[in-house]
Amino acid sequence: MTSIDVRDDEPDNTDDTGPGGYAAARLRLLTEKTRSGPPRRTALARLTDDWLAGLYQAAGAPPGTALVAVGGYGRGELSPRSDLDLLLLHDGSADPRAIAALADRLWYPVWDLGLALDHSVRTTAEARKTAGEDLKVQLGLLDARPVAGDTALAAALRTAVLADWRNQATRRLPELHALCRERAERVGELPYLLEPDLKEAHGGLRDAQALRAVAASWLADAPREGLDDARRRLLDARDALHLTTGRATDRLALQEQDAVAAELGLLDADTLLREVYEAARTIAYASDVTWREVGRVVRARTARPRLRGLLGGRAGGRTGGAKAPAERTPLAEGVVEMDGEAVLALSARPERDAVLPLRAAAAAAQAGLPLSPHAVRRLAAAGTTLPTPWPAEAREALVTLLGAGEPTVPVWEALEAEGLITRLLPDWERVRCRPQRNPVHTWTVDRHLVETAVRAASLTRRVHRPDLLLVAALLHDIGKGWPGDHSVAGETIARDLAGRFGFDRADTAVLATVVRHHLLLVETATRRDLDDPATVRTVADTIGTQGALELLHALTEADALATGPAAWSTWRARLVDELVSRVAGVLAGEEPPDPEAAAPSAEQERLAIEALRTGEPVLALHTEPTVPDGSQEPEPESEPVGVELLVALPERPGVLPAVAGVLALHRLTVRAADLRAVALPDGLGRRPVLVLDWRVAAEYGSLPEAHRLRADLVRALDGSLDVSARLAERDAAQPRRRGVTAPPPRVTVAPAASRHACVLEVRAQDAPGLLHRIGRALEGAEVRVRSAHVSTLGANAVDTLYVTRPDGSLPDPEEAAALAKTLEEALR
């Protein structure tokens, strides 16, 4: 929808029924700071009603016609850039040309003001027929409201549509549910999206409208508590989004969130997202509960005629029509299954049984059943609290709940909806609905913790203490609710909660260690040289025991899988496995091998000899096929996830930037690079040969052919191919898009990370050719690069470089600090 170009200081010489008068009044209403939310939406709907009624009267409408608002406008809720959903209803008695002329006199003024219009002209019979064929039309007509004309005609339509909806509910509601599921799969879940669609995503305004339709069917009803407030908050956020962008958009984009928060009077964008997420969770939970009830009622009504047929027309069989009592199957003490839900047993006394909430949740999750909303409300109303430390039964129930896998999620959400989780875990409130402003993360902090436990449940056979793994998975990011390093804060919280749960001192210490260092394995594996003994010894000294290493290994995988598809890969898994294997050896008393004493492989030596003989670069490519998680064999027709590229050439300046630049030109992503001078056998020459071992992957498309890479590398080294210029040209050709401004690059020295090299960590915005620019800067600083390890998470690159002086000695601390500063300035 386009904005209305009318200023308050323009002379208003038309009445409010004319376009100018309405436009000016509309603009004044939308710019009033004292009126917002439901009052403004209602006032805007009334103002629009009066204007359209004036147009209707001025058009000389024939008898037997009515102008009807439907959809959101029918509910009397107009956001600043909402469509006007209008139906021109007639009884069929008027001349069709008169109806067409009336429609023109109504629609054209709306279009002239640039307002979006969804319009139709129908008789009552046509409207009912269209509604029967098109579910979206029927949903809109459920909120039909007369604006002008024959109100009895409009009222009769709404009565008929409601009657049709109720009569067809067992057929139409499953259609509506399928529509909601398809939309959720396509758009996503609003409570977890970083840029949510307030209308279409699961838990959004479309779902709230669907709940109204279910209630209108009289077949089932949604939980009412908090639902109206949640819907109001989403509407308020959409109003603010319309006003700040001037567009009819429902997507809360990153760059708009601060302005929308300011328009709503909120502290910042994170506060806005938490409010939106809270509201969306209320609607999503109500939707899940309601659709479950709809399914139960539809199944019962569908089965009843079949049952009557089987019993010869007797509705209740031997009971003579009386409804047979529902079957109740015991699940745990005080918990039974009934009608496909876990409910409280008749003998349950929640006010006397503080463990019952966890026992009921664990039983429901283990049985793969939803926890009845009525049962959860009753458990919350009981208000019982567990003693500190918890009894063993409570701790075991928590572990059982976490170990149930996927069924844990809906049960946990049911407990959260009634505030039981924060009663059990007071620190949970700080991470509840907390957004993670990193595109790698799929979930909010709290949902990520639950998802990590779900992933960890499938790994419990790999560890000796599955209970510690599951609890560590639940708590590993609990420190994100506090300022500072979340791992440090999380360690303190984990110690406190482990004591509350009833773990002994030794188990508490292990949990604290695992939470404190839950990022250690993946960060070390992807950013450090695993051949350096200092790397392995540092990890071994930090973890301390084989048991903690075992738990950290499983947690690392579960954490990454629960983060999102970009956080875990076959490549990362192999690096972590290799690191764990080497650390386990050190913890068992073995000495890590010295990389300086390691001989080159047979292939490296062969390539080095060939390079020395020809005086030119020699390349070899080895592909690494995709291996799905948990499988032993690669998929038969899968694209390789990575390639090992070996390059051997006589040692000379500029090798690293040249190779990195050529790989960038061929759209290959560098994951790791190892550079070493190979000592050849006597008699084959004295000139040193450099062997580069690269791990690369194609950005998209197929991998380039080796001969093309070699040809471009030769040209880059002899100066006939200006790699920097080519990369700059390609970058300039890319369309410039508005987005969040990236923070400046940062280069730091990792102290005591290696005895053989100075370790530099580069954190920068990921971009093609970044390693090429780093290599050029280091060449200019006259240092030698031994190895590079590249890690990319979303838009952020973390590159670790092991460098020495040209003679192989270590730079002193002052030199290292100066080198880091030089590299940082070069990358700016």
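Residues numbered from 1 in each chain as written. Predicted model: local features only at pLDDT ≥ 70, side-chain atom pairs only at ≥ 80, totals over all residues. Heavy atoms only, no water.

### A short note on the pattern of salt bridges
Stated formally: Salt bridge, as applied in this entry: a Lys or Arg side-chain nitrogen positioned within 4 Å of an Asp or Glu carboxyl oxygen. Only DSSP runs of H or I reaching four residues or more are called helices, and only runs of E reaching two or more are called strands; each is numbered from the N terminus.
What the rule picks out here adds up to 54 salt bridges. Notably, a salt bridge pairs Arg296 with Glu293, separated by 2.5 Å at the nearest N-O pair. Of this pair, Arg296 and Glu293 are both found in helix α12 (residues 269–310), 3 residues apart, which corresponds to roughly one turn of the helix. Look at the salt bridges and you will find they share partners, linking Arg41, Asp229, Arg232, Arg233, Asp236 and Asp239 into a network.

### Focus: unusual backbone geometry
Cis peptide bonds are those with omega within 30 degrees of zero, and the linkage from Thr388 to Pro389 qualifies with -5°. As for its placement among the helices and strands, Pro389 is situated in the loop between α14 (373–382) and α15 (392–402). Residue Asp339 is not a glycine yet carries a positive backbone phi of 50°. Structurally, Asp339 is set in the loop between β6 (335–338) and β7 (341–344). Phi is positive for Glu782, close to 60°, though the residue is something other than glycine.

### Thoughts on the sheet that holds strand β1 (residues 65–69)
Hydrogen bonds along the backbone pair up the strands of a sheet, which may run parallel or antiparallel. Note the threshold: Here, strands pair whenever DSSP counts at least two bridges between them. Fitted lines through C-alpha atoms serve as axes, helices being fitted only where they are in contact, and the angles separating the N-to-C directions of these axes extend from 0 to 180 degrees. By definition, residues are in contact when any of their heavy atoms lie within 4.5 Å.
The mixed open sheet is built from 4 strands, whose spatial order is β3-β2-β1-β4. Looking at strand neighbours, the two that pair on one side only are β3 (117–123) and β4 (145–149), the edges of this open sheet. The average undirected angle you get between the axes of adjacent strands in this sheet is 25°. Relative to β4, β1 runs antiparallel, the two sharing 4 bridges. Bridged to Ala66 within β4 is Gly149. Each of β1, β2 (84–90) and β4 touches helix α2 (residues 38–58); the most contacted strand, β4, lies at about 35° to it.

### So, the confidence of the model for the protein chain
Basically, it comes down to this: Within a predicted model, pLDDT stands for the predictor's per-residue confidence, ranging from 0 to 100.
Averaged over all residues, the pLDDT of the protein chain is 87; the fraction at 70 or higher stands at 89%. For the stretch residues 315–322, pLDDT sits under 50, and the model shows 6 contacts to residues farther than four places along the chain or on other chains. Per-residue pLDDT stays below 50 along residues 625–641; that stretch engages in 27 contacts with residues further than four places along the chain or on separate chains.

### Concerning the packing of helix α23 (residues 520–527) against helix α24 (residues 533–543)
Under the convention used in this document: To sort the angles, those under 35 degrees are grouped as roughly parallel, those over 145 as roughly antiparallel, those from 65 to 115 as roughly perpendicular, and the leftovers as oblique. Throughout, the ten residues Ala, Val, Leu, Ile, Met, Phe, Trp, Tyr, Cys and Pro are labelled nonpolar, Asp, Glu, Lys and Arg are labelled charged, and all others, Gly among them, are labelled polar.
At a minimum axis separation of 11 Å, α23 and α24 run at an interaxial angle of 175°. Classified by the angle between their axes, α23 and α24 sit roughly antiparallel to one another. Here Leu520, Leu521 and Thr524 of α23 come into contact with α24, specifically with Thr535, Val539, Thr542 and Ile543. In the contact of α23 with α24, the residues fall into 4 nonpolar, 3 polar and no charged.

### Digging into the sheet that holds strand β5 (residues 329–332)
The sheet built from 3 strands is open, its strands ordered β5-β6-β7 with antiparallel pairing. Single-partner strands in this sheet number two, and they are β5 and β7. The mean inter-strand angle of the sheet, taken between neighbouring strand axes irrespective of direction, is 45°.

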